[in-house]
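Summary of the model geometry
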Amino acid sequence: MSTLQLVLTAALTLMLPSVGAAQQSSTKETQQGAIVLGPSAPGNTLADRKTVIPTTEELIKRGPKVAVNIAAEEMGMVRLPQRVTTALNTLEFQASGTMAEMGADGKWSDYRVSKLIFGMDFVIPACRMEMELVGSGTRKQHEIRVAAGKQAWDEEKPGIDGKPMPDTAAVERERLIWLTPQGATWAAMLAGDKAVLSNEGGRLTISFSIDDEPVKVLLNAQLQPERIEMQAHSSTYGNTVFVATYMGYKDFEGYLVPFPTKMTYKAGGRTILDLDVKSQISNPYVIFPRPSTMRSEAAAKPR
Amino acid sequence: MKNLIWSCFFQLFSALFLAVCVSAQAPTGVATSLSSGRDPVYSPADPKEATPHRPDGQPDLDGVWTIRTTANNDGGGNLPSVIEKDGSVAAFLPSRKGGLYSAEIDLAIVSKGDRNKPMYKPEYWAKVRELELHSLKTDPQYKCLPYGVPRMGEPQQIIQQTNQLVFLYSGYPSLSNAYRVIPLNRPHDAGQLEEETYKGDSVGHWEGDTLVVDTIGFNDETWLTAKLGYFHSTDLHVVERFTRRGNKMEYQVTVDDPKVLLQPWVWEPRTMALNPDPNAKLPEDYPCSERDVDDTDVR
């Protein structure tokens, strides 16, 4: 391959990022931070670039803002040399598993979740949870639960035939955003210096509040959330502790965005979601236009 | 061959430009503790600067205009690249952890994370995602189709006459030294509208010191931007506004397509800068077919 072809290939690779993650281009970096493309450049693969993760004590010494930023980078949420932290701002995953839910009468219903698609926007914040549920002896039901800002509604199809739900549903639904690994990391970044770091058995924990509800995030050795606890007042469950646990992180798309393959949510000790993740998309096209039947909210207030 | 090398540089430069442009489109209202990377690079025209006028009284838009650069933001279009003696090319790419790998995937994430999205009707959400997912095959640029309006963006050169302006474009294979003729103060050409073209039928008028270019009469074969699957219908209506202040020019675009969009899509304003070199001219683009490469080479 000629030098020109190499240059062209590298240039085009930059312009074709959706597939380029698997491309191992021949590059090296100069002292000035420039990247050299060409025949003399050594290999530079993902495996070549092993990140050195500071120890828990080192992270604690560096303070919450820096430590959270380092953790956020490991979660794929810090991008470009200027360390942009808002670039990864929507996320979607698809999963299946089981769900348990308490009804208004206080009785629990158990479901098999044949399909769950959870799309979220950290900025608005907003989420859309589309589920195919099979209860005991019942037909398959299809539900789409949406929340954006302070409002919530259910949809027949994504974006279509929205029916308003009580505002308390918005709080309940958006809580799920902050219980996801990237959602909790986003919230921890927003907490900034108000976050508190501690060492739990050699692991870093980050404590902060979301709307006055205390949150504690326990990270694994790769600085990925392993357990997220949130003390919340839930309109469904009352004062309770929500606990999300994550395992089997995987970079689903090759964008350096690790996401768990296994997730479990508990409310007050009872498992409410137990999911196997099939796929995950970083920054998908997800939007949340309010149904025309709902009162307009001039602008969803970001956190 | 020279053109090919230049175009390679342009693409590298464009990648850098894209990164900063997109990162400049920070989520509005996000707490300042999150870094959007916006402030260091975004330099709009100073509204206090006067608008130069021509002898006929019109604002003077004539000249070679460049996109803003990231390196020094002077609009000079300096390419931060050098060719080493061994044939290697050093380019100041947005590498975070070192190496092309992080630069490339960071650009992808930043591009996809642009907060300013067109609001498609729900029945088209799946289509947008599908087009984006397979953009290597579905993006019209990879078929050497013209970018069309508005994707071709701001012109790199404007030639102005009292009754019309000519926009010249250069730099991307799909631009291929494209041009647009913008007649002033006349209605759309019915015959041209029927043809439904890539660039549509443009007419312009002045609103104070702002040139307003109204374009309709499109086919539906182009995308609104690169890679993200933002298609449109033949009902596309684009309004571009050019406001010169000093030697900078604000370029604003509003895209409407009531057939597929819930509401008009307003682009983030861009700032063009006048090239001060009186001998400045646009390079000749190489034919699009020459840029084609084996896709397997970049997978």
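None of the values given here were measured: they were computed from a predicted structure. (Residues numbered from 1 in each chain as written. Chains lettered and ligands numbered in written order. Predicted model: local features only at pLDDT ≥ 70, side-chain atom pairs only at ≥ 80, totals over all residues.)

So, on to the nonpolar core. All names here are of chain A. Counting residues in each nonpolar core, the largest one holds 115 residues, and the members touching the most others are Val68, Trp178, Leu179, Ala184, Ala187, Ala188 and Val215. With seven residues, helix 6 (residues 181-191) is the single largest residue contributor to this core. What Ala184 contacts, discounting residues up to four positions off in sequence, is Trp178, Leu179, Val215, Val217, Pro225 and Ile228. (Core = buried A, V, L, I, M, F, W, Y, C linked by C-beta atoms within 7 Å. Buried ≥ 20, exposed ≤ 12 C-beta atoms within 10 Å, placed from the backbone. Helix = DSSP H or I, 4+ residues; strand = E, 2+ residues; numbered from the N terminus. Contact = placed C-beta atoms within 7 Å.)

We now examine the confidence of the model for chain A. In the predicted model, chain A carries a mean pLDDT of 84, and the fraction of residues at 70 or more is 80%. For residues 298-303 of chain A, every residue scores under 50 in pLDDT, and the model assigns this stretch ten contacts once sequence neighbours within four places are set aside. (pLDDT = per-residue confidence, 0-100.)

Right, let's talk about the packing of helix 4 (residues 64-74) of chain A against helix 6 of chain A for a bit. A pair of packed helices is captured by two measures, namely the crossing angle of their axes and the spacing between those axes. All names here are of chain A. Interhelical geometry of helix 4 versus helix 6 gives an angle of 155° and a closest axis separation of 9 Å. On the basis of their axis angle, the class for helix 4 and helix 6 is roughly antiparallel. As for how helix 4 packs across helix 6, the hand of that crossing is left-handed. Side by side, helix 4 and helix 6 meet where Val68, Asn69, Ala71 and Ala72 of the first sit next to Thr185, Ala188 and Met189 of the second. Across the contact of helix 4 with helix 6, the residue classes break down as five nonpolar, two polar and no charged. (Axes fitted to C-alpha atoms, helices over the stretch in contact; angles between N-to-C directions. Parallel < 35°, antiparallel > 145°, perpendicular 65-115°, else oblique. Left-handed = near helix turned anticlockwise from the far one by under 90°. Nonpolar A, V, L, I, M, F, W, Y, C, P; charged D, E, K, R; others polar.)

This part covers unusual backbone geometry. In this model, Ile124 of chain A is joined to Pro125 of chain A through a cis peptide bond whose omega is -10°. Structurally, Pro125 of chain A is set in the loop between strand 4 (108-121) and strand 5 (126-135). Pro150 of chain B follows Val149 of chain B through a cis peptide bond whose omega is 10°. Topologically, Pro150 of chain B is positioned in the loop between helix 4 (135-138) and strand 4 (157-160). Even without being glycine, Lys227 of chain B reaches a positive phi, approximately 70°.

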